[in-house]
Amino acid sequence: MASIDFSSVAAVSLHDVGSRPERARRHCLLRLLPELSARNVGTVVFESRRTQDAHDRAILTVLRRHGHVTAGMTVRWERASSDAALWTADVVAGIVGG
């Protein structure tokens with residue numbers, strides 16, 4: 001991974017142990033997607049969580065409606081097995097989250 005030329009942005013949600021993971025994910029997406037849009041990222045690929053992808057899409061719709069994410073930014077959800085690069089996000093998250 002050290003030989004890959006890339007930059008990363010991490011969103012972290014500090015929450016109580018009893019907090020629901022979906023709430024933490026929502027908070028991260030609300031911060032992450034506008035940040036990526038502001039950096040002119042053209043395509044964002046998330047690892048698909050199948051039925052839960054709809055929650056992410058709803059957040060994206062709200063962000064676009066309020067002008068926080070450009071309409072030109074493509075966001076898609078892929079199965080982890082379809083793109084080996086998806087695991088790099090786990091590595092970055094592990095580094096940031098320690």
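Residues numbered from 1 in each chain as written. Predicted model: local features only at pLDDT ≥ 70, side-chain atom pairs only at ≥ 80, totals over all residues. Heavy atoms only, no water.

J.: Looking at this model, I keep getting lost on the overall build of the protein. Mind explaining?
T.: When its secondary structure is counted, the protein shows 3 helices and 2 strands. Along the protein, helices and strands appear, N-terminal first, in the series α-β-α-β-α. Rg of the C-alpha trace for the protein: 14 Å, near the compact-globule value of 13 Å for 98 residues, within the 12% margin. Principal-axis analysis of the C-alpha atoms gives the protein an extent of 40 × 35 × 25 Å. Counting across all 98 residues of the protein, residues that qualify as buried make up 24%. Considering only contacts in the protein between residues 6 or more positions apart, those separated by 24 or more positions represent 67%. If you sum the accessible surface of the protein, you get close to 6,900 Å²; carbon and sulfur atoms cover 53% of it. Positive and negative side-chain charges in the protein, numbering 13 and 10 respectively, have mean positions lying 7 Å apart. (Helix = DSSP H or I, 4+ residues; strand = E, 2+ residues; numbered from the N terminus. Rg over C-alpha atoms; globule rule 2.2 N^0.38 Å. Buried < 20%, exposed > 50% of the residue type's maximum accessible area, 1.4 Å probe, protein only. Contact = heavy atoms within 4.5 Å. Areas by Shrake-Rupley, 256 points an atom, 1.4 Å probe, with all protein chains shown as cover. Lys, Arg positive; Asp, Glu negative; His and termini not counted. Charge placed at Lys NZ, Arg CZ, Asp CG, Glu CD.)

J.: Looking at this model, I keep getting lost on the packing of aromatic side chains. Mind explaining?
T.: Think of a pair of aromatic rings as described by two things: how far the centres are apart, and how the planes are tilted against each other in angle. Summed over the entire model, instances satisfying the criterion amount to 1 aromatic pair. It is Arg25 that lies over the ring of Phe46; its NZ or CZ is 5.8 Å from the centre. The positively charged end of Arg57 is found above the aromatic ring belonging to Trp77, 4.4 Å away from the centroid. (Phe/Tyr/Trp six-rings, centres within 6.5 Å; stacked < 30°, edge-to-face > 60°. Lys NZ or Arg CZ within 6 Å of the ring centre and 35° of its normal.)

J.: I tried to follow the nonpolar core on my own but got confused; where do I start?
T.: One recurring pattern in soluble globular proteins: nonpolar side chains tend to sit buried together. Ranked by internal contacts, the top residues of the largest apolar core, which has 13 residues, are Leu33, Val44, Phe46, Leu60, Val69, Met73 and Val75. For this core, the elements supplying multiple residues, two or more each, are α1 (21-38), β1 (43-47), α2 (53-65) and β2 (74-78). Sort the elements by how many residues they give to this core and α1 lands first, with 4 residues. Aside from chain neighbours lying at most four places away, what touches Phe46 is Arg25, Leu29, Leu32, Leu33, Val75, Arg76, Trp77, Glu78 and Leu86. (Core = buried A, V, L, I, M, F, W, Y, C linked by side-chain atoms within 4.5 Å.)

J.: So what exactly am I meant to see when it comes to the packing of α1 against α2 here?
T.: When two helices pack together, their arrangement is given by the angle between the helix axes and by the axis-to-axis distance. At a minimum axis separation of 10 Å, α1 and α2 run at an interaxial angle of 40°. Here α1 is positioned oblique relative to α2, judged by the angle of their axes. Of the two elements, α1 crosses α2, and the hand of that crossing is right-handed. Contacts from Glu22, Arg25, Arg26, Leu29, Leu30, Leu33 and Pro34 of α1 reach α2 at His55, Asp56, Ile59, Leu60 and Leu63. (Axes fitted to C-alpha atoms, helices over the stretch in contact; angles between N-to-C directions. Parallel < 35°, antiparallel > 145°, perpendicular 65-115°, else oblique. Left-handed = near helix turned anticlockwise from the far one by under 90°.)

J.: Whenever I open this one, the pairing of β2 confuses me. Can you help?
T.: Two faces, one strand: in a regular strand the side chains alternate between the faces of the sheet. Across the two faces of β2 the burial differs, with Val75 and Trp77 buried and Thr74, Arg76 and Glu78 not buried at all. Sheet topology note: the β1/β2 ladder contains 5 bridges and is parallel. Across the sheet, Phe46 pairs through a bridge with Trp77, a residue of β2. Of the crossover connections in this fold, the one passing from β1 over α2 to the parallel β2 is right-handed. (Pairing = 2+ DSSP bridges. Right-handed = clockwise from strand over helix to strand, strands pointing away.)

J.: Sorry, what's going on with α1 here?
T.: Residues lying three or four places apart along an α-helix face the same way, a consequence of the helix completing one turn every 3.6 residues. Given a rise of 1.5 Å per residue, 18 residues ought to cover 26 Å, and the 26 Å separating the end C-alpha atoms of α1 matches this to within 8%. Restricting attention to buried positions, one finds in α1 the residues Ala24, Cys28, Leu29, Leu32, Leu33, Pro34, Glu35, Leu36 and Ser37. Where α1 is buried, its residues meet β1 and α2. The positive-phi residue at the C-terminal boundary of α1 is Asn40, with phi of around 60°. (Expected span 1.5 Å × (residues − 1).)

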